[in-house]
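One-letter residues, chain by chain:
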Amino acid sequence: MTMDLVSKVERTIREERLIEEGDRIVVAVSGGPDSTALLHVLFLLSEKWRLDLAVAHVNHRFRGDESDREAEAVLDFANRLGLPCDIGVIDVPAYIERTGLNAQSAAREKRYAFLSETARKRGAGKIALAHHADDQAETVLMRLIRGAGITGLAGIPVRRTENGVELIRPLIRIYKRDLESYCRNLNLPVCRDSSNESRKYFRNRIRLDVMPFLTRYNPKLAEALNRLAETVRSEDDYMEAAAKRALEEIATLDADEVKFRRERFVALHVALQRRIIKLILNYLSTYGNKADFSAIETARSVILSESASNATLDIYEDLRLVREYDEIGFVRPKAAADYAYRIEQGASKLAIPEAQARLSLICLDAKNLDRHAMTHPDRLEAYFDADLIQYPLHVRNRRKGDRMEPFGLNGTKKVKDMFIDGKIPPSLRARIPHILDASGRILWIPGVRRSRHAPVSDRTSRVLYMKLHHDSGKGPESV
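Note that this is a predicted model, so its numbers are computed, not measured.

What counts and how
Residues numbered from 1 in each chain as written. Predicted model: local features only at pLDDT ≥ 70, side-chain atom pairs only at ≥ 80, totals over all residues. Heavy atoms only, no water. Helix = DSSP H or I, 4+ residues; strand = E, 2+ residues; numbered from the N terminus. Expected span 1.5 Å × (residues − 1). Bend = angle between axes of the 7 residues up to and from the residue. Pairing = 2+ DSSP bridges. Axes fitted to C-alpha atoms, helices over the stretch in contact; angles between N-to-C directions. Contact = heavy atoms within 4.5 Å. Polar contact = N/O pair within 3.5 Å; in protein donor to acceptor, adjacent residues only side chain to side chain. Core = buried A, V, L, I, M, F, W, Y, C linked by side-chain atoms within 4.5 Å. Buried < 20%, exposed > 50% of the residue type's maximum accessible area, 1.4 Å probe, protein only. Salt bridge = Lys/Arg side-chain N within 4 Å of Asp/Glu carboxyl O. Right-handed = clockwise from strand over helix to strand, strands pointing away. Phe/Tyr/Trp six-rings, centres within 6.5 Å; stacked < 30°, edge-to-face > 60°. Lys NZ or Arg CZ within 6 Å of the ring centre and 35° of its normal.

Turning our eyes to something else, we now look at helix 2 (residues 33-49). Here helix 2 contains 17 residues, and its C-alpha end-to-end distance of 23 Å stays within 8% of the 24 Å for a straight helix at 1.5 Å per residue. The sharpest bend along helix 2 comes to roughly 25 degrees, located at Phe 43.

Right, dumping it as C-alpha cells:
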C-alpha cells in the first residue's frame, strides 16, 4: 500500500507534468495527515527526481497552544528528514479585525502570501499543496450549491500560477482514507486540527453533513464528483481556447478598448458569446475576475437587442459597453482629472470645466423667499443658512473614503454608497462636484444629497442659494 500510493502520486506528477527533474519546491505542511503524507512522498521521490525540497508552515494563531504544538511538530519532522523549514507566525485574528475579512479568507490570504515569500527566499519555482480528491469533491459540490458555472465546476486546478510561483497539487487524485492509512502504516507524526470539526465553516458542513447524507444515494459520490471535475476541466479548457480564437478573429484589442462588429458576434454560438464577454471583462477591468452571470447576460442583451441602435452600459466603474449602430466597443472610460477650487465669501459664480458645469451662489433675504421652494428644491439647487456657513468654501470632485452627514440622517454615510443608492452611473461619479465648508465637511453634492449642516430655519435671516448648471446637459439629473 505504501509504495502503491507513492506510485499513484508519481503517475499524477508525470501525467500532469507537475514536476521536472531538479525542481526546487516549497512543500506547504500544516501538520495534518494530508500534508504530512505529501511531504513524505516527495521526500521519497526527491533522490530519483533530484528535487530540492524545503518545508513551510503557517501558524495562524487561531487555536493558541494547539497551533504552537503543530508548528513544533512540523519543524521536528522536517529536521528528521534533513529539510530546511520556515515557520510563519501570523496573527490572523488581528488581521481579521483590521480588514473585516472572514476567517477563512483572511487565513488563506496570509497563508499564500507567506508561501510565496518563502518560495522567493528559497529560490523555488513551485509550491506543493496537499489538496486531495475529497477536497476536490467537496469543492465541486459547494460550487454547485452556490450556482457556479462550468469553470467553477472544474474544481481545484491541478496547477496554476500565483504571484509568479506555480502551485501544484500532486495529491488531487488521492483520497483522504489512503493518506490516513499511509501515515498510520509508516507511523508518521500527525496533528489533528480541532477546527475541522466546527460546523460554523461552510466546507466543514459539506464534509460532515451533506456528503454523508448524499452518499446514502450514491456510495461513490466523491468519485462521481471527481469525474465531473475532470470532465468539465478538459471541456472548459477546450471552450476557453475556442473563445480566445473567436475573440481574436472578430475583435481588435487595444490596451483600453475592445471593438467588434455586432453581426459577427451575433453569428456565434451563445456559449462562445458568454465566454467572449467574460474574456473581455477579465482583459479590461480590475473587477473582471468577479464577473457573474448577471453582468455577462446584461452586456450580451445590449449587444443582441434588435430595437436599440445606440446604447451605453456602465458595467463596472472602470468599464463601459458602447453600442453605436453595428459597432460594439468595450472601453475603459478615461479617468476624470482631479480638481479643486476655492470660493471666498461674496463670490457669485464658479466655472467647473472638468464637470462641464457652473456653480452660481446668491445671498438672499429669508423674508422674501418662498418657503415651499426652499423645502422642495430642484435636485441641482440647495438653500443654506448663510450665517452658519464657514468660508472659504471648497469645490472638488470625490476622494476615496469621502463621507457625508446627509440631511435627515443621524451619523455619516459613505459618498460611494449614496452614488450607488442614487443609481448615479459610474462614468459620472468622478466628475460630480462636492461643495465643502472651511472645515472640510461636505455640504452638498448636487444631484445627489445635501448635508444637515446650516439648514434654513425660522431663525434664518440670510439664505445662501446655490445652483449647479450643466453646460453639456449631461449630469446626474439626467440619469
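What follows is about the sheet that holds strand 8 (residues 257-261). The sheet built from five strands is open, its strands ordered 7-8-11-10-9 with antiparallel pairing. Only two strands of the sheet have a single partner each, and these edge strands are strand 7 (251-254) and strand 9 (310-316). Neighbour-to-neighbour, the strand axes of this sheet turn through a mean angle of 10 degrees, independent of strand direction. Here strand 9 runs beside strand 10 (residues 319-324); their pairing, made up of six bridges, is antiparallel. Note on strand 10: the bridge partner recorded for Leu 313 is Leu 321. Docked against the sheet, helix 10 (residues 221-250) engages strand 7 and strand 8, running at close to 90 degrees with respect to strand 7.

Before going further, it helps to spend a moment on the side chain of Asn 59. Assignment of secondary structure puts Asn 59 in strand 2 (residues 52-59). Separated by 2.9 Å, the side chains of Asn 59 and Asp 68 make a polar contact. With residues up to four places along the chain from it excluded, the contact list for Asn 59 reads Ser 67, Asp 68, Ala 71, Gly 88, Val 89 and Ile 90.

Before going further, it helps to spend a moment on the nonpolar core. Of all hydrophobic cores here, the largest spans 37 residues; its most connected members are Ile 19, Val 27, Leu 39, Leu 42 and Val 55. Broken down by secondary-structure element, the contributors of at least two residues to this core are helix 1 (2-16), strand 1 (24-28), helix 2, strand 2, helix 3 (65-81) and helix 8 (176-185). Among the elements that line this core, the one with the most residues is helix 2, at seven residues. The contacts of Leu 39, once residues within four sequence positions are left out, are Val 27, Val 29, Val 55, Phe 77, Leu 81 and Leu 83. Counting 30 residues, the second largest nonpolar core, distinct from the first, contains Ala 243, Leu 268, Ile 277 and Ile 303.

Turning our eyes to something else, we now look at the pattern of salt bridges. Tallying each qualifying case throughout the model produces 38 salt bridges. Two residues, Glu 166 and Arg 159, come together in a salt bridge whose shortest N-O distance is 2.6 Å. Shared partners join several salt bridges into a network, and the residues in it are Glu 15, Glu 16, Arg 173, Glu 230 and Arg 233.

A few words now on the pairing of strand 2. In terms of burial, strand 2 is largely enclosed, as seven of its eight residues are buried. Taken together, the five bridges between strand 1 and strand 2 define a ladder with parallel strand orientation. In the sheet register, Val 27 faces strand 2, and the bridge partner there is Val 55. Considered for its hand, the β-α-β crossover made up of strand 1, helix 2 and strand 2 is right-handed. Note: strand 2 against strand 3 (residues 85-89), five bridges, orientation parallel.

Moving on to the sheet that holds strand 14 (residues 357-365). Pairing is antiparallel across the open sheet formed by four strands, whose spatial order is 13-14-22-15. At either end of the open sheet lies a strand with only one pairing partner, and these are strand 13 (349-352) and strand 15 (381-385). Across the sheet, the mean angle from the axis of one strand to that of its neighbour is 20 degrees, orientation sign disregarded. Judged from the nine bridges that link them, strand 14 and strand 22 (residues 462-470) form a sheet pairing that is antiparallel. Paired with Ser 360 across the strands is Lys 467, a residue of strand 22.

Our next topic: the packing of aromatic side chains. Enumeration according to the criterion identifies six aromatic pairs in this entry. Pairing Phe 213 with Tyr 217 gives two aromatic rings, centres 5.7 Å apart and planes at 65 degrees, and the pair type is edge-to-face. Phe 213 sits in the partly exposed class, given a relative accessible area of 41%. Connected via pairs of aromatic rings, a cluster forms that spans Phe 260, Phe 265 and Phe 330. For Arg 108, the ring lying beneath its charged end belongs to Tyr 112, and the centroid distance is 4.1 Å.

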